[in-house]
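What follows is each chain in one-letter form.
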Amino acid sequence: MIDMSKRKKILFVVFFVFIDLFLLYGFIVIRNATEENKLKKEVRSLIELDITKDRYDRPIKTKGNYALIEKTIKKYLDNYAVRFQRVLAVTSDSQFIELLSVDNYSNDGPEFVASLQYIDEKQKQFNEDIDQLIENCDEDKIKKYIDEVIDNHYYVKLYQDLMLDKDMSKDFVVSKQILEDQKKKINLIFDTSRETFQFLKNSNNDWEISDGQIKLRTTALVDQYNNLVNKIK
């Protein structure tokens, strides 16, 4: 039989093991709660950034699985911001703005080699970027982005809740509509500019630049030219 002193020692050890486990569990709960709060605070700060000019590749503030979520969110938003800013930059590019200007007609006509090459390259890049942006606004795309990083249901749901909360979801919905409208508008400018240059190439003996204006030989040609450029006015 176990004497009383040994029984007390066993109970004493069991008691302290239990206390240690309880303290460890409490520490883990508190640590996780602290990391989750830091993560939520950091994501809220990201919402305040301006996607038209800011970057989201900021230092990671959390640890463990919360850091994986934070990295994934910042990577998604930063990739999105870089493409978004590149798409917006097209409209402020001086060469884009001056495509159908008299100066460009004088400098690059009548063959418009540089202008047509510019349109082909820029339009291709623009559509690749904007199509990816539109796709990245979709809820399913956002949800699945975490799948390659972590498969724990709790952390997956936490990521999805943060990325698809009412403020973030609203931003994606608004962005998608802006992007779809912008895609139509910019492609119309690219396509119309290409048509105009082809028209001027085919009529290279029937137009000239005089007194800072393009002048065509016949009324029919003037009407054709005006019908083209009026598409984007």
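Everything here concerns the structure above.
Within every chain, residues take consecutive numbers counted from 1 along the sequence as written. Reporting of local features is limited, given that this is a predicted model, to residues whose pLDDT is at least 70; pairs of side-chain atoms are given and counted only at 80 or more, and all residues count toward the totals for whole chains, interfaces and linings. In computing side-chain values, all of the structure's heavy atoms are included and hydrogens and water are not.

**Notes on helix α9 (residues 219-229)**
Along an α-helix, a turn takes 3.6 residues, which lines up residues three or four apart on a common side. To keep things clear, this is the line we draw: When accessible area is computed with a 1.4 Å probe and restricted to protein chains, residues below 20% of their type maximum are described as buried, those above 50% as exposed, and intermediate ones as partly exposed. Helical segments are the DSSP runs of H or I of at least four residues, strand segments are the runs of E of at least two, and each set is numbered from the N terminus. Arc, as used here, means the arc of the directions from the helix axis to the C-beta atoms. Note on definitions: a residue-residue contact is assigned when non-hydrogen atoms from the two residues lie within 4.5 Å.
Within α9 the residues assigned to the buried category are Leu221, Tyr225, Leu228 and Val229. Angularly, the buried residues of α9 cover 90° about the axis, an arc narrow enough to put them on a single face. Facing away from the buried side of α9, by more than 90 degrees, are the exposed residues Thr219 and Asn227. Looking at the buried positions of α9, the neighbouring elements they touch are α4 (102-108), α8 (166-202) and β2 (213-216).

**Remarks on unusual backbone geometry**
Of note, the bond from Gly109 into Pro110 is cis; its omega dihedral lies within 30 degrees of zero at 0°. Mapped onto the fold, Pro110 is located in the loop between α4 and α5 (113-136). Although it is not a glycine, Phe112 sits at a positive phi angle of roughly 55°. Within the secondary structure, Phe112 is located in the loop between α4 and α5. A positive phi angle, close to 55°, is found at Asp211, a residue other than glycine. Structurally, Asp211 can be placed in the loop between β1 (207-210) and β2.

**Brief notes about the pattern of salt bridges**
As a reminder of what qualifies: Think of a salt bridge as a Lys or Arg side-chain nitrogen and an Asp or Glu carboxyl oxygen that are within 4 Å of each other.
Counted by the stated rule, this structure contains 20 salt bridges. A salt bridge links Glu42 to Lys61; the nearest nitrogen and oxygen atoms lie 3.3 Å apart. Of this pair, Glu42 sits in helix α1 (residues 4-47) while Lys61 sits in the loop between α1 and α2 (64-92), and the two are 19 residues apart along the sequence. Exposure remark for Glu42: the relative accessible area of 9% places this residue in the buried category. With a relative accessible area of 45%, Lys61 lands in the partly exposed category. Across the pair Arg86 and Asp129 runs a salt bridge whose closest N-O atoms are separated by 2.7 Å. One end of the pair, Arg86, is in helix α2; the other, Asp129, is in helix α5, and 43 residues separate them in sequence.

**What about the environment of Asp129?**
Stated formally: Here a polar contact is recorded for every N or O atom pair within 3.5 Å, except that within protein the pair must consist of a potential hydrogen donor and a potential acceptor, and residues adjacent in sequence are included only if both atoms are side-chain atoms.
Take Asp129: its relative accessible area is 1%, and that puts it in the buried class. Between the alpha carbons of Asp129 and Tyr80 there is a distance of 9.3 Å; along the sequence they are 49 residues apart. When near neighbours in sequence (up to four residues on either side) are disregarded, Asp129 contacts Arg83, Arg86 and Val87. Engagement of the side chain of Asp129 in a polar contact is seen with the side chain of Arg83, the distance being 2.7 Å. A polar atom in the side chain of Asp129 sits 2.7 Å from the side chain of Arg86.

**Observations regarding the packing of aromatic side chains**
The condition that has to hold: Working definition: rings of Phe, Tyr and Trp (its six-membered ring) pair if their centres are within 6.5 Å, and the pair is stacked with planes under 30 degrees apart, edge-to-face with planes over 60 apart, and tilted otherwise.
Overall, the coordinates contain 13 aromatic pairs when judged by the stated rule. Between Tyr80 and Phe84 the ring centres are 6.1 Å apart and the planes differ by 20°, which places this aromatic pair in the stacked class. Remark: Phe84 and Tyr80 occur in helix α2; sequence separation between them is 4 residues, near one turn of the helix. An aromatic cluster is defined as three or more aromatic residues linked by ring pairs; in this entry it consists of Tyr76, Tyr80, Phe84, Tyr145 and Phe172.

**Considering the side chain of Asp108**
Just so we agree on the cut-off: Within this scheme the basic residues Lys and Arg register as positive and the acidic residues Asp and Glu register as negative, but His and the chain ends are omitted.
Position of Asp108 among the secondary structure elements: in helix α4. For the buried residue Asp108, which engages in no salt bridge, the nearest side chain bearing the opposite charge is Lys201, 9.6 Å off. Separated by 2.6 Å, the side chains of Asp108 and Ser115 make a polar contact. Those residues in contact with Asp108 that sit more than four places away from it in its chain are Val113, Ala114 and Ser115.

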